[in-house]
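Single-letter residue listing:
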Amino acid sequence: MYDQVIDKNNPNSALKVTQGAENKRDVNENFLKIVKKAKELSVDDYVEGILSGNRTLLARAITLVESHLYKHQEMAQQVIEKCLKHAGNSIRLGITGVPGVGKSSVIEVLGKMLTSQGHKVAVLAIDPSSERSGGSILGDKTRMELLSCDENAFIRPSPSAGSLGGVARKTREIIILCEAAGFDVVIIETVGVGQSEVLAHSMVDFFLLLQLANAGDELQGIKRGIMEMADAIAINKAEGKEKERSELAASHYRNALHLFPPQESGWQPKVFTCSAYSKMGIDAIWQTILDYVALTKKNGFFYKNRNEQNLRILSETIQQTLLEKFYNSEVAKQKLDIAKDDILDNKVSAYIIAQKLIDEYFQSLEK
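Just so it is clear, the structure is predicted and the values come from calculations on it, not from any experiment. (Residues numbered from 1 in each chain as written. Predicted model: local features only at pLDDT ≥ 70, side-chain atom pairs only at ≥ 80, totals over all residues. Heavy atoms only, no water.)

1. A short note on the pairing of strand S7 (residues 270-273)
- For strand S6 (residues 232-235) and S7, the ladder comprises four bridges, and the chain directions are parallel. Of the residues in S7, the one forming a bridge with Ile-233 is Val-271.
- For the crossover from S6 across helix H12 (residues 242-257) to S7, the handedness is right-handed. (Pairing = 2+ DSSP bridges. Helix = DSSP H or I, 4+ residues; strand = E, 2+ residues; numbered from the N terminus. Right-handed = clockwise from strand over helix to strand, strands pointing away.)

See the structure below:
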């Protein structure tokens, strides 16, 4: 139809056919090369990238650690093993507190202060996972906008995935990778719910508890478990009209701490006020951490605590591995559902059937 109205032999004709663009692939060829190369990274490539401070490779190595795929886990463990001798040279700081206390704000101001002093700061921010869907928002990079743009800072949000205290199981391994990448301050931000922060406490050198002055009776907030673990308590948002109330709350906490037995570290926990908004007291937090590290290194507790943490990792890993192997075994797959039905029908005690299943599992290994 078009050939009937277009005069191809007349160069002055207003009706012309414009040559279309050459039909090309939808995906950029250079991008395909990058992706292909990325898939072929070896253990040594990861290690070399981490040790050189390549944050992209560090992030990808952490993704390997967090993956549940066996081939990823196998490679991740090899990377961790090669990074171990380059790790351990950081100050590991745990920060907890109820939601809304300002953990992310304090971490951002503290992190910016540290990077301005020449430190390299890694923040492992643990986001709570939904019990229903299993999903997490992972929004800490948006809450720490200034720090996330700092070239001497690295922020890695991770899902808690149901872990005790809201701390991801893989956090300890991620700490090793961050230290190998040259980060000399590693901050772990926990969800801050309940008294199950013991897991976070078991992987850091210094544990900071953030509190609010306007959350009701301060004495109600004094929970023995979390208070005994804290090396310092900071009353955040102590600005404006809340300053006087924050000082009063700090006084209550100081009095309460005197009722607790002395810490094995020989350290007397400090209580002070701070404000991430006005940046007041943030330098006092860091100085307190330095004082703690100096004291505990001098009396040997710092290294003793690190050693005990490593032994605890061994014990917990053995327990977790045994659980996974049992539930993936043929014994569990074949007999666990039947055992559950028998328990619900009151045919047998849960204790007896549990012991029977465990015995059968170990017997299956001997065959």
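So that's the structure; there's more coming.
2. Re the nonpolar core
- If you look at the biggest cluster of nonpolar residues, it comprises 49 residues, and the most contacted ones within it are Ile-50, Leu-58, Leu-177, Cys-178, Met-227 and Ile-233.
- Here Leu-177 is in contact with Ile-50, Leu-58, Ala-61, Ile-62, Val-65, Val-79, Ile-80 and Cys-83, once residues within four sequence places are set aside.
- Counting residues in each nonpolar core, the second largest holds 37 residues, with Leu-212, Trp-267, Ile-285 and Tyr-292 among its members. (Core = buried A, V, L, I, M, F, W, Y, C linked by side-chain atoms within 4.5 Å. Buried < 20%, exposed > 50% of the residue type's maximum accessible area, 1.4 Å probe, protein only. Contact = heavy atoms within 4.5 Å.)

3. Quick word on helix H9 (residues 171-180)
- Counting buried positions over the 10 residues of H9 gives 10, a clear majority of the element.
- For H9, the set of buried residues is Thr-171, Arg-172, Glu-173, Ile-174, Ile-175, Ile-176, Leu-177, Cys-178, Glu-179 and Ala-180.
- Directly beyond the C-terminal end of H9, a positive phi value near 100° is found at Gly-182.

4. Considerations on the packing of helix H3 (residues 43-51) against helix H4 (residues 55-66)
- Packing of H3 against H4 brings their axes to within 8 Å, and their N-to-C directions diverge by 130°. Our classification of the angle between H3 and H4 gives oblique. Crossing of H3 against H4: the hand is left-handed. Of the residues in H4, those in contact with Asp-45, Tyr-46, Gly-49 and Ile-50 of H3 are Leu-57, Leu-58, Arg-60, Ala-61 and Leu-64. (Axes fitted to C-alpha atoms, helices over the stretch in contact; angles between N-to-C directions. Parallel < 35°, antiparallel > 145°, perpendicular 65-115°, else oblique. Left-handed = near helix turned anticlockwise from the far one by under 90°.)

5. Focus on the environment of Tyr-253
- Tracing the chain through its elements places Tyr-253 in helix H12.
- For Tyr-253, a relative accessible area of 2% translates into the label buried.
- A sequence separation of 18 residues divides Tyr-253 from Val-271, and the C-alpha atoms of the two residues are 7.0 Å apart.
- Within polar-contact distance, the side chain of Tyr-253 engages the side chain of Gln-211 at 3.1 Å. (Polar contact = N/O pair within 3.5 Å; in protein donor to acceptor, adjacent residues only side chain to side chain.)

6. Description of the side chain of Arg-306
- Inspection of the secondary structure assignment puts Arg-306 in helix H14 (residues 301-327).
- Residue classification places Arg-306 among the buried positions, given a relative accessible area of 10%.
- A distance of 3.1 Å separates a polar side-chain atom of Arg-306 from the backbone oxygen of Gly-88.
- Excluding its chain neighbours within four sequence positions, the residues that come into contact with Arg-306 are Gly-88, Ser-90, Arg-92 and Asp-205.

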